[in-house]
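Structural description and commentary
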Amino acid sequence: MERNLTHIALFASLIAVLGLIPRIDLAAGVPITAQSLGIMLCGTVLGARRGALAVLLFLVLVAAGLPLLSGGRGGLAVFAGPSVGFLVGFPIAAFVTGWIMERTTLTPGLAGTAASVIGGIGVLYVFGISGLAVVLDKPLAEAAFLGMAFLPGDILKAVLAGMVTQSLARMRPASLLSRA
Amino acid sequence: MPDRTQPDAPDPAHQTGITLDAATVTLSGRVVLDRISLSLTEARIGILGRNGSGKTTLLRLIAGLIAPASGKVRIDGIDPFTDRKATLAALGILFQNPDHQILFPTVEEELAFGLVQQGQPQAQATATALRALADQGRAHWAKVPVSTLSQGQRHYLCLLAVLLMQPRTILLDEPLAGLDLPTRTRLARRFAALPQRLVTITHDPETLVSADRLIWLDGGRIAADGPPAQVIPAFTAEMERIGARDADADLTS
Amino acid sequence: MPDRTQPDAPDPAHQTGITLDAATVTLSGRVVLDRISLSLTEARIGILGRNGSGKTTLLRLIAGLIAPASGKVRIDGIDPFTDRKATLAALGILFQNPDHQILFPTVEEELAFGLVQQGQPQAQATATALRALADQGRAHWAKVPVSTLSQGQRHYLCLLAVLLMQPRTILLDEPLAGLDLPTRTRLARRFAALPQRLVTITHDPETLVSADRLIWLDGGRIAADGPPAQVIPAFTAEMERIGARDADADLTS
Amino acid sequence: MLTLTSPVRLWAHDLPAGAKLAALALATMGLFALTTPLPLAFGAVGAASLYATGGARFARAGLRLLWPLWPFVLIVGLWHLWTDDAIGGAVVLLRMLTAVALANFVTMTTRLSDMIAVFQTLARPFGPLGLSPRRLAIALALVIRFIPVMLDRLTQISQSWVARSPRRPRWRVLVPATLAALDDADHAAEALRARGGAD
Ligand SMILES: Nc1ncnc2c1ncn2[C@@H]1O[C@H](COP(=O)(O)OP(=O)(O)OP(=O)(O)O)[C@@H](O)[C@H]1O
Ligand SMILES: Nc1ncnc2c1ncn2[C@@H]1O[C@H](COP(=O)(O)OP(=O)(O)OP(=O)(O)O)[C@@H](O)[C@H]1O
Ligand SMILES: O=C(O)CCCC[C@@H]1SC[C@@H]2NC(=O)N[C@@H]21
Ligand SMILES: [Mg+2]
Ligand SMILES: [Mg+2]
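First things first, this report covers the structure right here in the doc. (Residues numbered from 1 in each chain as written. Chains lettered and ligands numbered in written order. Predicted model: local features only at pLDDT ≥ 70, side-chain atom pairs only at ≥ 80, totals over all residues. Heavy atoms only, no water.)

The next point concerns the site of ligand 1. Residues and elements named next belong to chain B. Close contacts around ligand 1 come from 15 residues, with Ser 28, Gly 52, Lys 55, Thr 56 and Thr 57 the closest. Here Arg 30 contributes a side-chain N or O atom positioned 3.0 Å from an oxygen atom of ligand 1. The separation between an oxygen atom of ligand 1 and a polar main-chain atom of Ser 53 is 3.2 Å. Put simply, the parts of the chain that give the shell around ligand 1 at least two residues each are strand 2 (30–40) and helix 1 (55–62). No other element matches helix 1, which puts three residues into the shell around ligand 1. (Near = heavy atom within 4 Å. Polar contact = N/O pair within 3.5 Å; in protein donor to acceptor, adjacent residues only side chain to side chain. Helix = DSSP H or I, 4+ residues; strand = E, 2+ residues; numbered from the N terminus.)

Here the focus is the interface of chain D and chain A. Between chain D and chain A, the residue contacts involve 61 residues of the former and 58 residues of the latter. Per-residue buried area on chain D facing chain A is highest for D:Trp79, D:Leu174 and D:Leu182; these three make up 12% of the total on that side. At the junction of chain D with chain A, the criterion picks out two salt bridges. With its nearest N and O atoms 2.8 Å apart, the salt bridge here joins A:Arg172 to D:Asp183. (Contact = heavy atoms within 4.5 Å. Buried area = accessible area lost by both parts, 1.4 Å probe. Salt bridge = Lys/Arg side-chain N within 4 Å of Asp/Glu carboxyl O.)

Even without being a glycine, B:Asp76 presents a positive backbone phi close to 50 degrees. Look at C:Glu174: it is not a glycine, yet its phi comes out positive at around 45 degrees. By the secondary structure assignment, C:Glu174 is in the loop between strand 6 (169–173) and helix 6 (181–193). Residue C:Glu174 is classed as buried on the basis of its relative accessible area of 9%. (Buried < 20%, exposed > 50% of the residue type's maximum accessible area, 1.4 Å probe, protein only.)

Turning next to the arrangement of the chains. Counting contacts across all five pairs of chains found in contact, the highest total belongs to chains A and D. The least C-alpha distance between chain A and chain C, which are not in contact, is 10 Å.

We now examine the sheet that holds strand 4 (residues 70–75) of chain C. All names here are of chain C. Taken together, three strands build an open sheet; the order of strands is 2-1-4 and the sheet is antiparallel. Each of the sheet's edge strands pairs with one partner strand only, and the pair in question is strand 2 (30–40) and strand 4. For this sheet the average axis-to-axis angle between neighbouring strands, irrespective of direction, equals 25 degrees. Across seven bridges, strand 1 (residues 18–27) lies against strand 2 in antiparallel orientation. From the neighbouring strand, Thr 26 faces strand 2, where its bridge partner is Val 31. Contacting strand 1, strand 2 and strand 4, helix 1 (residues 55–62) runs over the sheet at an angle of about 120 degrees to strand 1. (Pairing = 2+ DSSP bridges. Axes fitted to C-alpha atoms, helices over the stretch in contact; angles between N-to-C directions.)

The subject of this paragraph is the packing of aromatic side chains. In the structure shown here, the tally under the stated rule is 15 aromatic pairs over all chains. Both rings, one in B:Phe104 and one in B:Phe113, keep their centres 5.0 Å apart while their planes meet at 40 degrees; by these two values the pair is tilted. Through pairs of rings, three or more aromatic residues link up here, namely D:Trp11, D:Tyr51, D:Phe58 and D:Phe105. A cation over a ring is seen here: B:Arg138 above B:Trp141, with NZ or CZ 5.3 Å from the ring centre. Over the face of the ring belonging to D:Phe146 we find D:Arg145, whose NZ or CZ atom lies 5.2 Å from the ring centre. (Phe/Tyr/Trp six-rings, centres within 6.5 Å; stacked < 30°, edge-to-face > 60°. Lys NZ or Arg CZ within 6 Å of the ring centre and 35° of its normal.)

Here you go:
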């Protein structure tokens, strides 16, 4: 029980720490950030429910005013900004990533990459691009065009997430809660 | 049989040694080491000092892991912060906490890593690592996950990893803390047999009686510098004096 | 002035103490403690043993942090694994590493937490914590982020947090390792003044000469159990004997 | 840790956090309901005057928080000029900047602990699902506590790497860092249990 709580909290910290890796501003004010890698890892390591809760916990602290998003941004304003779709999609992306991770029998590495591509890219982009479309008052197709700028980076992150998950499966099998 | 891993390591006497020239280190805006000047050429050097006096920071500075805010650091003539390649051959460091040092899941990978970084092909590095393990009667460790080793065993692995790279100087940060008495005795014996220059941090002055030179750090400055016969009595007396005082005056930051 | 934080802590002599009845602990399928039976009622108890002998595991078992695979553990009649609420009043544990113990970002929150857990309302708990800090001349610590405290200061904070909960027994896992001599002297003095029952793990038998009872663990079993005058000489002799042997035979496994 | 709270104290600090949040939610919905530039401009002027009540220093701090939106402003501006739709561009920019400014205003004038208390209240209905306010409070504190711990770990890991390699570890810190997070989580779980658990 305690273990669930602390794993959720520590992975929320991990997302925050990944935000300190310098960001690149791009595509209409939505940054390229290593934090989406954190979202993927929450799913692949913690599994669906705990992964989503870790992301929610992180978002609660951001909303409460801590500058934990990349570039030291935070507060309620980020939920009114161009990233809002991505932020709303974060916990859902982690959940889907974890859900797939829990159900496939692929090796942890392959499963981690595949789940990250589907959850951490596919699902996340649906929300992120819809958000962009609403904020920019543009058709989805045009927003999607902007969103594609993130694709190369995010594919790299999904591969990394798979590799990290594979290593963890080898080094701390008991801690890979998604496969416990 | 002598306990030497590096039969062909260079003789420390031929090296120019470690020199610091008014080196100052600032961490998060705080001066942690204050214009330290030192020239270390001895084979066995000890560093003493209270918690927070700057011992680990000094070791990190010498190892080139942090840069001085001002002043100069040279190891055998090399700038350890900028010339990483040359520093790897000149100097190895054993971290205080093995958990801060170990990077890889298995013993074999951990040992081979440093060799690959020094330019050996992976296959050769792994072979060297396996040979070193076999030499120590620990061939069966090769595939063992590091996480199942005890604290003392992990500590020992870190030391092996450093020795395998054959640096001319080894920096040891409290190498015996938390180890049991037999392991301590054995490691002390192994250290004594090493041909390299050793710089050792400790809280136990007794383990340094046979050193060539002791440096006592206090609040980021050198409080004393000399042979053990001179530094140890002064250090011990001062520590006892402080220990006898009321705790409260001091633990308050 | 004696250094007591708990003037009204219960007298250990009136407690039934710690009893283990053939308690076995298995971790990842390995038997780490093997049918340990003990009845501890003394005020000062020491635990000795080599790295990996099971000392920390024994403390965690007594504290109810892990359950025995078989056998029974009771603290003052309470099962520490299942009856967490009652155990909080019976027993506190100081982890070896303060960073493994501290849970909250500021000193005040860390101190108040245990009291809230014991049922005090938040406001009252915070007030008690602030009073305790003021009593120790550290009122200015209240809002300080724990990450800016030194290792020794964090260690001290953990001790304060445990004492504030006024448990009848305190378990200490190598409480003095890595601390400098003055801090060690002071903490030892503070421990000596505590009215509670103390169970202390250490690698330094000298620090246990004044204990009432020593337990020497070896490979998950009790190798010796008795007064210091009896256990220390046997332990030291054996450790020296092992230390004199070639390292390889033993570090294996 | 740094927070985004205001350097100056003003009247809005004394309003209950819950009320400010509710007002913000209403205002934001209102902004998205408006589709012509004029009413949106009134909204923007309203937001600006809120900042004005805090004095020059407060207003400057508020403007600084809007700065990260510059790429958004640039792209939207260029795009609408290119598509010859200046009015549409004005609507999007006014709406966004006003909504963000209002949200920042609430963040700047509400203490972190008050904001967290509101979230705890909001979480109350989810108690039966295991999301009790008390657990939420402990979890939030743990996150804040472990961010600096994890940063230290990252430094240690990079130093251990650099000590044996001429190259920087870069992304390779990820595995040891995640491992450290998992181990810290196990230790914290034990420390939590040692002091009564989280129920
Ligand atoms: N990143 C940092 N930012 C600010 N201060 C720091 C940082 N790292 C260390 N310090 C401070 O620098 C001082 C020296 O630290 P150092 O680790 O060198 O001490 P030490 O002598 O090795 O102590 P110990 O015996 O406890 O290991 C301490 O007061 C410490 O608080
Ligand atoms: N999770 C685990 N899985 C398997 N073995 C474990 C686990 N935790 C500990 N052990 C093993 O149990 C034994 C006892 O460990 P314990 O931590 O109790 O030793 P200790 O006496 O406290 O040693 P030290 O003096 O090094 O702290 C060790 O051999 C250790 O490798
Ligand atoms: O910091 C924020 O404002 C939220 C950032 C959302 C960024 C999204 S996550 C998916 C995509 N990949 C990136 O690198 N950035 C975007
Ligand atoms: Mg140190
Ligand atoms: Mg132990």
